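# Observations on the three-dimensional arrangement
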Amino acid sequence: MKAWRQPSPYGELTVVLSDDGLHEISLPGDDQPEITATRPDRAVARQLDDWFAGRRHAFDVELDLSEIEGFRREVLETLVHEVPWGEVVSYGELAGLAGRPRAARAVGSAMRNNRIPFVIPCHRVVAAGHKIGGYGGGRNAVALKRELLEREGVSTLR
């Protein structure tokens, strides 16, 4: 495992990379994993910096989802591939895209437990009626979600 602290506009992140890919990004206010800091992976660190600066709208990194199984993994993969920058989807809509239209609560659970925010853009998943909904992004989480969506041009949420 490779791990480092990386500054962001939202505070210092902890980034963990396994041999299989990006494993975790912990936000300020989350339980930060204990790490022995290593030198950052240049490609991953650069893509995060570019995304935060608005120069990148999608990531090109391998994801380590090896510990995630079943529908939860399907939901995360569907979100990455089907909901691009500047778009939002409700929990129910994402459940439908992942093949289980009645599983909105399971989608909510998958979003709540997403350990790779930004790259797996759980901030783009909103409540029914396109209300902002919740966000597991540490302190001031809903304000962070709103800020992330606004920087993507989504500002009509209640």
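Above this note sits the structure.
Residues numbered from 1 in each chain as written. Predicted model: local features only at pLDDT ≥ 70, side-chain atom pairs only at ≥ 80, totals over all residues. Heavy atoms only, no water.

## Thoughts on the pairing of strand β2 (residues 13-18)
Extensive coverage of β2 is indicated by the burial of 6 of its 6 residues. Because side chains alternate across β2, one face comprises the buried residues Leu-13, Val-15 and Leu-17, and the other comprises Thr-14, Val-16 and Ser-18, equally buried. Bridging between strand β1 (residues 2-6) and β2 involves 5 bridges; their strand directions are antiparallel. Its bridge partner lying in β2, Gln-6 is registered against Leu-13. (Buried < 20%, exposed > 50% of the residue type's maximum accessible area, 1.4 Å probe, protein only. Helix = DSSP H or I, 4+ residues; strand = E, 2+ residues; numbered from the N terminus. Pairing = 2+ DSSP bridges.)

## As for helix α4 (residues 104-112)
Those residues of α4 lying buried are Val-107, Gly-108, Ala-110 and Met-111. Seen along its axis, α4 keeps its buried residues to an arc of 160°; they face one direction. Exposed residues pointing more than 90 degrees away from the buried face of α4 are listed as Arg-105 and Arg-112. Elements in contact with the buried residues of α4: α2 (70-82), α3 (91-97) and β5 (125-126). (Arc of directions from axis to C-beta. Contact = heavy atoms within 4.5 Å.)

## Some words on α2
Over its 13 residues, α2 runs 18 Å from end to end, which matches the ideal 18 Å to within 8%, given 1.5 Å per residue. For α2, the complete set of buried residues consists of Phe-71, Val-75, Leu-76, Thr-78 and Leu-79. Down the axis of α2, the buried side of the element spans an arc of 160°, and every buried residue falls inside it. In α2, the exposed residues that point more than 90 degrees away from the buried face are Gly-70 and His-81. For α2, the elements touching its buried residues are α3, α4 and β5. (Expected span 1.5 Å × (residues − 1).)

## Topic: the sheet that holds β1
Within the open sheet, the 3 strands sit side by side as β1-β2-β3. Their pairing is antiparallel. The strands lining the two open edges of the sheet, one partner per strand, are β1 and β3 (21-26). Pairwise comparison of adjacent strand axes, ignoring direction, gives a mean angle of 20° for this sheet. Along the sheet, helix α1 (residues 42-52) contacts β1, β2 and β3; its crossing angle with β1, the most-contacted strand, is approximately 30°. (Axes fitted to C-alpha atoms, helices over the stretch in contact; angles between N-to-C directions.)

## Section: the packing of aromatic side chains
What describes a pair of aromatic rings is the distance from one ring centre to the other and the angle between the planes of the rings. With the rule as written, the count across this model stands at 7 aromatic pairs. Ring centres of Trp-51 and Phe-52 lie 5.6 Å apart, and the angle between their planes is 75°; on these two criteria the pair is classed as edge-to-face. Of the two residues examined, Trp-51 and Phe-52, each falls in the buried class. Site record: aromatic cluster; members linked through ring pairs are Tyr-10, Trp-51, Phe-52, Phe-59, Trp-85 and Phe-118. Above the ring of Phe-71, the side-chain terminus of Arg-100 is found at 4.3 Å from the ring centroid. Stacked on the ring of Trp-51, the Lys or Arg Arg-151 has its end atom at 4.4 Å from the ring centre. (Phe/Tyr/Trp six-rings, centres within 6.5 Å; stacked < 30°, edge-to-face > 60°. Lys NZ or Arg CZ within 6 Å of the ring centre and 35° of its normal.)

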